[in-house]
Each structure stands twice: as C-alpha cells, then as structure tokens.
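As a plain string of letters, each chain reads:
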Amino acid sequence: RVQGKSMNNVGIYDGDLLVVDRSINPKNLSTVIANVNEDLVVKTFLKEKDKNYLSSGLNKIELSENPNVIIWGVVTYVIHKLQ
C-alpha cells in the first residue's frame, strides 16, 4: 500500500494498492518501486540522453551516482477506492 502524496500527480494516492511486476525492465516514464536508503518508494523512471533518473516531481535521483538505489519493480496496476 502507498503511504504519502508524492505521486498524486500521476494518479497514485495515499492508501492505494499497487500491483508490481518485477520481471520487466522500466521504460522512460515508467512508474517504479525503488529501494532508496533501505526504504521502498514509488517514483517515475526517466531516461535522459545517457543517464537514468528517479523522480517524484522536482527532485531527481541520478542512478549512476547512487549505486545503493535499486529499482525493485515496475508498477502495472493501481487499485484505489472511488470514495
């Protein structure tokens, strides 16, 4: 389940249930689950020229500069209440 509001701009809200596929590689603008400093976070995967980033708005994490950041899987479905 998602905790927080950092991905509201892409339709993922606090309390949503995510279905994650660990067998596929992320493409540009994929929503991913990543291990950042031992926390699982939801971010957008960005490819720009020869660099890859994770983003959730204004903040970007460059993957080549942060070897401890691991992409855990790609979000394939979001389940949330309509109330």
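Cut-offs and rules
- Residues numbered from 1 in each chain as written.
- Predicted model: local features only at pLDDT ≥ 70, side-chain atom pairs only at ≥ 80, totals over all residues.
- Heavy atoms only, no water.
- Helix = DSSP H or I, 4+ residues; strand = E, 2+ residues; numbered from the N terminus.
- Buried < 20%, exposed > 50% of the residue type's maximum accessible area, 1.4 Å probe, protein only.
- Contact = heavy atoms within 4.5 Å.
- Core = buried A, V, L, I, M, F, W, Y, C linked by side-chain atoms within 4.5 Å.
- pLDDT = per-residue confidence, 0-100.
- Polar contact = N/O pair within 3.5 Å; in protein donor to acceptor, adjacent residues only side chain to side chain.
- Pairing = 2+ DSSP bridges.
- Axes fitted to C-alpha atoms, helices over the stretch in contact; angles between N-to-C directions.
- Phe/Tyr/Trp six-rings, centres within 6.5 Å; stacked < 30°, edge-to-face > 60°.
- Lys NZ or Arg CZ within 6 Å of the ring centre and 35° of its normal.

Participant: An account of the environment of isoleucine 79 is requested, with residue identities and associated values reported.
Facilitator: Among the secondary structure elements, isoleucine 79 is positioned in strand E6 (residues 70-79). By relative accessible area, which is 45% here, isoleucine 79 ends up partly exposed. Separated by 67 residues in the primary sequence, isoleucine 79 and isoleucine 12 place their C-alpha atoms 8.7 Å from one another. Setting aside residues up to four positions removed in sequence, isoleucine 79 forms contacts with Asp16, Leu17 and Val19.

Participant: Could you give me a rundown of the nonpolar core, with the residues and numbers involved?
Facilitator: Judged by nonpolar contacts, Val32, Ala34, Val36, Phe45, Leu54, Leu63, Val69 and Val74 together constitute the single largest core of 8 residues. Dropping the residues within four chain positions of it, valine 74 is found in contact with Val19, Val20, Asp21, Ile24, Asn25, Pro26, Ser30, Thr31 and Val32. Listed in part, the 7 residues of the second largest apolar core include Met7, Ile12, Leu18 and Val75.

Participant: Any details on the confidence of the model for the protein chain? Residues and values, ideally.
Facilitator: Across the protein chain, the average pLDDT comes to 92, with 100% of residues at or above 70. Of all the helices and strands in the protein chain, strand E5 (residues 60-62) carries the lowest mean pLDDT, 89, while strand E1 (residues 17-21) carries the highest, 97.

Participant: Would you mind going over the side chain of serine 30 in detail, with residue names and values included?
Facilitator: Note that serine 30 resides in the loop between E1 and strand E2 (31-36). A polar atom in the side chain of serine 30 sits 2.9 Å from the backbone nitrogen of lysine 27. What serine 30 contacts, discounting residues up to four positions off in sequence, is Lys43, Thr44, Phe45 and Val74.

Participant: Before we move on, can you summarise the sheet that holds E5 with the specific residues and values?
Facilitator: The 6 strands lie next to each other as E1-E6-E2-E3-E4-E5, forming an open sheet whose pairing is antiparallel. A single partner strand is all that each edge strand has here, and the edge strands are E1 and E5. On average, each strand axis in the sheet is tilted by 45 degrees relative to the strand beside it, whichever way the strands run. As paired strands, strand E4 (residues 51-55) and E5 are joined by 3 bridges and run antiparallel to one another. The partner of leucine 54 across the bridge, within E5, is isoleucine 61.

Participant: Describe unusual backbone geometry, listing the residues and the values that go with them.
Facilitator: Within the chain, asparagine 37 stands out as a residue other than glycine whose phi angle is a positive 55 degrees. By the secondary structure assignment, asparagine 37 is in the loop between E2 and strand E3 (39-48). For asparagine 37, a relative accessible area of 64% gives the class exposed.

Participant: I'd like a description of the packing of aromatic side chains, backed by residues and values.
Facilitator: What the rule picks out here adds up to 0 aromatic pairs. Taking the ring centre of tyrosine 53 as reference, the NZ or CZ of lysine 60 above it sits at 4.9 Å.

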